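# Fold and geometry: a report
The lines below spell out each chain.
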Amino acid sequence: MKASSTIATFPIEDKSASPEKSSFPVLTVDIGGSNIKVLASGQTEPRKRRSGKKMTPAKMVEIVQELAEGWDYDAISIGYPGLVGNQGPSSEPVNLGPGWVGFDFSSAFGLPVRIMNDAAMQALGSYEGGRMLFLCLGTGVGSPLITEEVILTLELGQLPHKRGETLGEALGRQGLRRLGKAAWRRAVTSVAPALMKAFLADSVVIGGGNAKKPKELPPGVRQGHNLTAFRGGFRMWNIEDVP
């Protein structure tokens, strides 16, 4: 697999912790609107702290360094809750503080940093080959598509659904509250196979905060694990080796 514009890389001049090494410890940071979670290579238990509207990127760096105290890592992967371009975040997050677009993450951490949309990072961690569509069910709907060559971040949540609402409004947190759990589950299990056919996908993976709520999934649709975001973060530095 080749890295695409979904991943932004922030190198620094100090190459004593060079990402060109065949194996090196990585710290993965998963930024959410409610919590920020971190896990380093070789560790088994993530550490987390509350985030929220007051979290700026500088505050995030401070919190991550505190959470990761005592862990060894030579590079950092960040899952960002917003659009990511070649130069890093290209839109400000809805549920966090300001200042993310244009922030110099590698200088702040003093290490090489790679940033990817958070749903795309979860998708990368869930990837097992072929063409895979990932549906991240949280506040809205994240929807990366992975083939054997590229990772493409889609905005399927913007598609029209029923009664004038979008797919993101129907399958996101707002839809779950409005429809109730039973009707929401039916919506998920009907939409997922339709999208699988539309994108000629071999599989659909359900991830995000509400991934465990659907019970019986159609053929070809499976649930992701809540630790796949961290696996995706580790893979960001070895993306050529992803099967």
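Quick look at the structure, then. (Residues numbered from 1 in each chain as written. Predicted model: local features only at pLDDT ≥ 70, side-chain atom pairs only at ≥ 80, totals over all residues. Heavy atoms only, no water.)

## Points about the pattern of salt bridges
Scanning all chains against the criterion turns up 4 salt bridges. With its nearest N and O atoms 2.7 Å apart, the salt bridge here joins Arg49 to Glu66. Of this pair, Arg49 sits in strand E4 (residues 47-50) while Glu66 sits in helix H1 (residues 57-67), and the two are 17 residues apart along the sequence. What makes Arg49 partly exposed here is its relative accessible area of 35%. One salt bridge in this structure joins Glu128 and Arg222, with 3.8 Å as the shortest N-O distance. Placement of the pair is Glu128 in the loop between helix H3 (118-126) and strand E9 (132-137) and Arg222 in strand E13 (residues 221-223), with a sequence separation of 94 residues. Note on Glu128: relative accessible area 63%, which makes it exposed. (Salt bridge = Lys/Arg side-chain N within 4 Å of Asp/Glu carboxyl O. Helix = DSSP H or I, 4+ residues; strand = E, 2+ residues; numbered from the N terminus. Buried < 20%, exposed > 50% of the residue type's maximum accessible area, 1.4 Å probe, protein only.)

## So, the nonpolar core
Counting 30 residues, the largest nonpolar core has Leu27, Val29, Ile36, Met60, Ile76 and Ile78 as its most contacted members. Elements supplying a minimum of two residues to this core: strand E1 (7-10), strand E2 (26-31), strand E3 (35-40), H1, strand E5 (75-80), helix H2 (105-109) and strand E8 (113-117). The greatest single-element share of this core, amounting to 5 residues, is contributed by H1. Every residue in contact with Leu27, bar those within four places of it in the chain, is listed here: Val38, Leu39, Ala40, Val64, Ala68, Trp71, Tyr73, Ala75, Ile76 and Ser77. (Core = buried A, V, L, I, M, F, W, Y, C linked by side-chain atoms within 4.5 Å. Contact = heavy atoms within 4.5 Å.)

## What to know about unusual backbone geometry
A positive phi angle is found at Arg163, which is not glycine, with a value near 55°. As for its position among the elements, Arg163 is in the loop between strand E11 (151-154) and helix H4 (167-171). Located in the positive-phi region is Leu200, a residue other than glycine, with phi close to 50°. Position of Leu200 relative to the elements: it lies in the loop between helix H6 (181-198) and strand E12 (203-207).

## Quick notes on the pairing of E2
Where burial is concerned, most of E2 is hidden: 6 out of the 6 residues are buried. Neither face of E2 is left uncovered, since the one carrying Val26, Thr28 and Asp30 and the one carrying Leu27, Val29 and Ile31 both have all their residues buried. Bridge count between E2 and E5: 5 bridges; the pairing is parallel. Paired with Asp30 across the two strands is Gly79, which belongs to E5. As paired strands, E2 and E3 are joined by 5 bridges and run antiparallel to one another. From the neighbouring strand, Asp30 faces E3, where its bridge partner is Lys37. Here E2 hands over to E3 after 3 residues, the two strands then running antiparallel side by side. (Pairing = 2+ DSSP bridges.)

## Here's the deal with the sheet that holds E11
Strand order in the open sheet formed by 5 strands is E11-E10-E9-E12-E13, with mixed pairing between adjacent strands. Bordering the open sheet on either side are E11 and E13, each of which pairs with just one other strand. Within this sheet the neighbouring strands show an average axis-to-axis angle of 25°, counted without direction. The sheet contacts of H3 involve E9, strand E10 (141-146), E11, E12 and E13, and relative to E9 the element is tilted by about 130°. Strands E9, E12 and E13 of the sheet are contacted by H6, whose axis makes an angle of about 155° with E9. (Axes fitted to C-alpha atoms, helices over the stretch in contact; angles between N-to-C directions.)

Read these as layout, nothing more, since geometry by itself doesn't imply function.
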